[in-house]
Amino acid sequence: MTRCLKATHQHIAQAAEALRAGGLVAFPTETVYGLGADAGSDASVARIFKAKGRPRFNPLIVLVENADYASKLSEVDDLSHCLIESFWPGPLTLVLPRRADAALSLLLSAGHDTIAMRAPAHEVAQDLLHAFGGPLAAPSANRSAKFSPTSAAHVADSLGPEVPLILDGGPCPRGLESTIVRTGGGNVTLLRPGALPRADIEAVLGQRLFQPEESDAPPAPGQRGGHYSPRHPVRLNAHHVAADEALLAFGSALEGANVALLNLSPAGDLTEAAAHLFAYLRALDQTPCTRIAVMPIPLHGLGEAINDRLTRAAG
Ligand code: TXA
Ligand code: MG
């Protein structure tokens, strides 16, 4: 049985208690809903892999309350320090060398000598981390290879009885997963484009982000190959709509969408489009269409991450 509770202080305290008892709790962050467990407990972390149907080789993100945890759990070089100062709390995840004495489950690192960590900015996530009093393992709260959830209802649809408790904090304001980077050798490599645009990071660093191919850093394991598998095929860069297609529009919508039409942003605003992306893809995937046609979306700013997710959905 899944209990979905409004994220009040009282329910957040109950959720923290459930986490201390080894249980799983889904909760909102500014990016997407996370599926949380005590990051220090192998048994709790194992429950996440099982609930998501996630392959054991794919490591989990660790969420922390503040920047103090970064140096407690990992080795922080100057570049990472600068990024943490600039962007935490917020939608930037750093892959950092794991400290030998870090009180974290080995299972969550899936055999890597690094951990991926961020401090979320969402009030409910912050309150839950504070009430729990330690780091939480928290990947996105969806079945492996499905769209990330941006509402409590998405979590319930995707994980069902696998998640006993969902804290409902409304829709996630950003709607896209965090940006993941890794520093090393004086460079910063972009492992996953996400809710923090590349240009914001490059402006702070005064240097270009590397792509995984041009650096020797291994990519984020979960980024290899396709990732999202909707029921219906997805067709990108559509300049017309077929009679049996649903349309995901951006800007002024194409004529002729007979089955269904959702517009990510009629005004052509990428921030608004990001916030709607996963919810609209889910909704169109439920319609009686044969395919989802997606209008072109510019590549700049948040468009890089939006196009990355769409390409994974189409792939
Ligand atoms: O916005 C987000 O980051 C959300 C919210 C809940 O925080 N979480 C999220 O987690 O998207 P997940 O597990 O769905 O995606 C994490 C990605 C995966 O592709 C995983 O392979 C990668 O991070 N990752 C985790 N640990 C890593 C590590 N040590 N080195 C490289 N990549 C890592
Ligand atoms: Mg995920």
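I will try to describe carefully the structure that is included in this document. (Residues numbered from 1 in each chain as written. Chains lettered and ligands numbered in written order. Predicted model: local features only at pLDDT ≥ 70, side-chain atom pairs only at ≥ 80, totals over all residues. Heavy atoms only, no water.)

Turning to its location among the elements, D38 is positioned in strand β3 (residues 34–38). No salt bridge is formed by the buried D38, whose closest oppositely charged neighbour, R20, lies at an N-O distance of 8.8 Å. Separated by 2.8 Å, the side chain of D38 and the backbone nitrogen of G40 make a polar contact. Contact partners of D38, with chain neighbours within four places excluded, come to L19, S44, V45, F132, P135 and L136. (Helix = DSSP H or I, 4+ residues; strand = E, 2+ residues; numbered from the N terminus. Buried < 20%, exposed > 50% of the residue type's maximum accessible area, 1.4 Å probe, protein only. Lys, Arg positive; Asp, Glu negative; His and termini not counted. Salt bridge = Lys/Arg side-chain N within 4 Å of Asp/Glu carboxyl O. Polar contact = N/O pair within 3.5 Å; in protein donor to acceptor, adjacent residues only side chain to side chain. Contact = heavy atoms within 4.5 Å.)

What follows deals with the nonpolar core. Counting 45 residues, the largest nonpolar core has L35, L83 and I201 as the members making the most contacts within it. In this structure I201 touches L83, F87, L92, T179, V181, L196 and L209, once residues within four positions along its chain are discounted. V234, A260, A273 and L310 belong to the second largest nonpolar core, which has 28 residues in total. (Core = buried A, V, L, I, M, F, W, Y, C linked by side-chain atoms within 4.5 Å.)

Let us now look at helix α6 (residues 152–159). Those residues of α6 that sit buried are A152, H154, V155, S158 and L159. Around the axis of α6, the buried residues are gathered within 155° of arc, so they sit on the same side. Buried positions along α6 lie against β1 (3–6), β2 (25–27), β3, α2 (42–52), β8 (165–168) and α8 (270–285). Taken from the residues just after α6, G160 is the one with a positive phi, measuring 50°. (Arc of directions from axis to C-beta.)

Around ligand 1 lies a shell of 25 residues, among which T31, N58, S140, S178 and G222 are the nearest. Interatomic distance of 2.5 Å between a side-chain N/O atom of N58 and an oxygen atom of ligand 1. Contacts to ligand 1 include S178, whose side-chain N or O atom sits 2.6 Å from an oxygen atom. Look at ligand 1: alone it shows 680 Å² of surface, and the protein chains cover 97% of it. According to the grid-proximity analysis, the pocket containing ligand 1 is the largest pocket. Mapped by element, the contributors of at least two residues to the shell around ligand 1 are β4 (61–63) and β6 (114–118). Top contributing element to the shell around ligand 1 by residue count: β6, with four residues. Its residues assigned to classes, the shell around ligand 1 shows 13 nonpolar, eight polar and four charged. (Near = heavy atom within 4 Å. Areas by Shrake-Rupley, 256 points an atom, 1.4 Å probe, with all protein chains shown as cover. 1 Å grid on protein atoms, 1.4 Å probe; cavity = no way out; pocket = protein on both sides within 12 Å on 5 of 7 lines; lining within 4 Å. Sits in = over half its atoms within 2 Å of the grid points. Nonpolar A, V, L, I, M, F, W, Y, C, P; charged D, E, K, R; others polar.)

Glancing now at unusual backbone geometry. At the junction of W88 and P89, the peptide bond is cis and its omega measures out at -10° in the coordinates. Among the secondary structure elements, P89 is positioned in the loop between α4 (78–87) and β5 (92–97). Not every positive phi belongs to a glycine, and A145 is a case in point at roughly 70°. Of note, A145 is situated in the loop between β7 (136–137) and α6.

Moving on, we come to the pattern of salt bridges. Pairs can form between side chains of opposite charge whenever their charged atoms are close. In this structure the tally under the stated criterion is ten salt bridges. We note a salt bridge from E245 to R291, for which the minimum N-O separation is 2.7 Å. Placement of E245 in strand β12 (residues 245–249) and of R291 in strand β14 (residues 291–294) is noted, with a sequence separation of 46 residues between them. Close ionic contact of D308 with R312 constitutes a salt bridge, the shortest N to O distance being 3.1 Å. Placement of both D308 and R312 in helix α9 (residues 303–314) is noted, with a separation of four residues, approximately one turn of the helix.

Turning to the environment of A257, a few remarks are in order. Along the chain, A257 turns up in the loop between β12 and β13 (260–263). The partly exposed category is assigned to A257, whose relative accessible area is 23%. Spatially, the C-alpha atoms of A257 and V241 are 5.9 Å apart, while their sequence positions differ by 16 residues. Setting aside chain neighbours within four positions, we find A257 in contact with V241 and L247.

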